[in-house]
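Reading the structure
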Amino acid sequence: MLADLAPLIAATTQWLTRAYPASGGALAAALCEAQARQAVTVAAWLRYPTATDTALVGMTGPGGSAGLDRMSGAAEDPDDSAWRSWVDEVVASWAAGLLADPQLAARAVAGLTGGAHTSGTPVEFRRLIAPDAHDRRAAALLRHPDLIAPVADLHHARLLDRLGPGQALIA
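Small disclaimer: the values here were computed from a predicted structure and weren't measured.

Okay, the overall build of the protein next. For the protein, the helix and strand inventory stands at 12 helices and zero strands. Each helix (α) and strand (β) of the protein, taken in turn from the N terminus, gives the series α-α-α-α-α-α-α-α-α-α-α-α. Put simply, the protein has 171 residues, and 44% of those count as buried. Across the protein, the fraction of contacts at a sequence separation of at least 24, relative to all contacts at a separation of at least 6, is 80%. When the accessible surface of the protein is summed, it comes to about 8300 Å², and 57% of that surface belongs to carbon and sulfur atoms.

The following block contains the structure:
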């Protein structure tokens, strides 16, 4: 099932790391991407918790980055249209919220336990929920609550609803 969300996770991760790039060279870029990918993975698994959800987004597509691009001021590049069509605005927003708030990220990761995406596979999200000093420096823009707030706030209420008490994260 993880492979079915792979294009969405890759594209949304790429959008986040382009919008909030790392500074400090190749190692910083790799650490920033790892954190973004973990946040996007958790957000995607929360948004699409079942095999049916995953199949539906695979058939219909996630919507693309147009709204996020307009909001962030990113210039549209025709060469980028293929991967940008796989960006999920809600997943990007939820991932941004998780990156800005480690306690919320820990709640989200805990909510995935025993779900369809994590059954039978040990999954670790250390860079998301317990970033070290190198991780924080590498993703300073990506984790800055004020800078990432416009994206994080887009669908924050829906994320809180999903993580709220009594909400079934798995089916």
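Moving on, there is more to tell.
A word on the packing of aromatic side chains. Applying the stated rule across the entire model yields one aromatic pair. Centroid distance W45 to F125: 5.9 Å. Interplanar angle 80 degrees. Geometry classified as edge-to-face. Of this pair, W45 sits in helix α2 (residues 26-47) while F125 sits in the loop between α7 (102-112) and α8 (126-129), placing them 80 residues apart in sequence. What makes W45 buried here is its relative accessible area of 4%.

Once that is clear, we can look at α7. By the burial criterion, the buried members of α7 are L104, A105, A108, V109, G111 and L112. Buried residues of α7 fall within an arc of 160 degrees about the axis and therefore sit on the same side. The N-capping residue of α7, defined by a side-chain oxygen 3.1 Å from the backbone nitrogen of Q103, is D101.

Here we come to the packing of helix α6 (residues 89-100) against helix α11 (residues 145-152). Put simply, α6 and α11 touch, their axes get as near as 8 Å, and they point 155 degrees apart. Of the possible angle classes, the one that applies to α6 and α11 is roughly antiparallel. α6 and α11 meet at a crossing whose hand is left-handed. Between α6 and α11, the contacting residues are A92, S93, A96, G97 and A100 on the first element and P145, I148, V151 and A152 on the second.

Let us look at the nonpolar core. Counting 43 residues, the largest nonpolar core has W15, V42, L46, L98, L128 and L142 as its most contacted members. Listing elements by their share of this core, those giving two or more residues are α1 (6-19), α2, α6, α7, α11 and α12 (156-163). Here this core gets nine residues from one element, more than from any other, and that element is α2. Filtering out sequence-adjacent residues up to four positions away, V42 remains in contact with L98, A108, V109, L112, F125 and L128.

Remark: α6 packs on α7, axes separated minimally by 5 Å, with the N-to-C direction vectors making an angle of 120 degrees. By the angle class used here, α6 and α7 are oblique. Residues G97, L98 and A100 of α6 form the contact with α7, whose participating residues are P102, L104, A105 and A108. Residue composition of the contact of α6 with α7, by class: six nonpolar, one polar and no charged.

It is worth spelling out α11 at this point. For α11, the complete set of buried residues consists of I148, A149, V151 and A152. Contact partners of the buried residues in α11: α1, α4 (66-72), α6, α10 (140-143) and α12.

By the secondary structure assignment, S23 is in the loop between α1 and α2. Overall, S23 belongs to the exposed group, its relative accessible area being 55%. S23 sits 117 residues away from A140 along the chain, and the two C-alpha atoms are 8.1 Å apart. Apart from residues no more than four positions distant in its own chain, S23 is found in contact with A28 and A138.

Okay, the side chain of D69 next. Topologically, D69 is positioned in helix α4. The residues touching D69, leaving out its near neighbours within four places in the chain, are W15, A74 and R84.

About the cut-offs
For every chain, the first residue of the written sequence is number 1, and numbering continues from 1 onward in sequence order. Given that the model is predicted, a residue must reach a pLDDT of at least 70 before its local features are reported, and side-chain atom pairs must reach 80 or more before they are shown or counted; all residues, however, enter totals for whole chains, interfaces and linings. For the side-chain quantities, the full set of heavy atoms in the structure was used; hydrogens and water were omitted. Each helix corresponds to a stretch of at least 4 residues labelled H or I by DSSP, and each strand to a stretch of at least 2 residues labelled E; elements are numbered beginning at the N terminus. Working definition: with a 1.4 Å probe on protein chains only, accessible area under 20% of the residue-type maximum means buried, over 50% means exposed, and in between means partly exposed. Residue contacts are defined here by distance: any two heavy atoms, one from each residue, within 4.5 Å place the two residues in contact. For accessible areas, the Shrake-Rupley method is used with a probe of radius 1.4 Å. Any residue's cover is judged against the shown protein chains and nothing else. Paired rings are identified among Phe, Tyr and Trp, the last through its six-membered ring, by centres lying within 6.5 Å, and are further divided according to the angle between planes into stacked (under 30 degrees), edge-to-face (over 60) and tilted (the rest). It is the directions from the helix axis to the C-beta atoms that the arc portrays. Whenever two N or O atoms come within 3.5 Å, that pair is a polar contact, provided that in protein one can donate a hydrogen and the other can accept it, and provided that, for residues adjacent in sequence, both atoms are side-chain atoms. Interaxial angle, 0 to 180 degrees, is taken between N-to-C directions of lines fitted to C-alpha atoms, where a helix line uses only the stretch in contact. Here the word oblique covers every angle except those under 35 degrees (roughly parallel), over 145 (roughly antiparallel) and from 65 to 115 (roughly perpendicular). Handedness of a crossing follows from how the near helix is turned relative to the far one, being left-handed for an anticlockwise turn of less than a right angle and right-handed for a clockwise one. The nonpolar core is taken to be a set of buried Ala, Val, Leu, Ile, Met, Phe, Trp, Tyr and Cys residues, with the residues joined through side-chain atoms within 4.5 Å. All amino acids are sorted into three groups, where Ala, Val, Leu, Ile, Met, Phe, Trp, Tyr, Cys and Pro are nonpolar, Asp, Glu, Lys and Arg are charged, and the leftover types, Gly among them, are polar.

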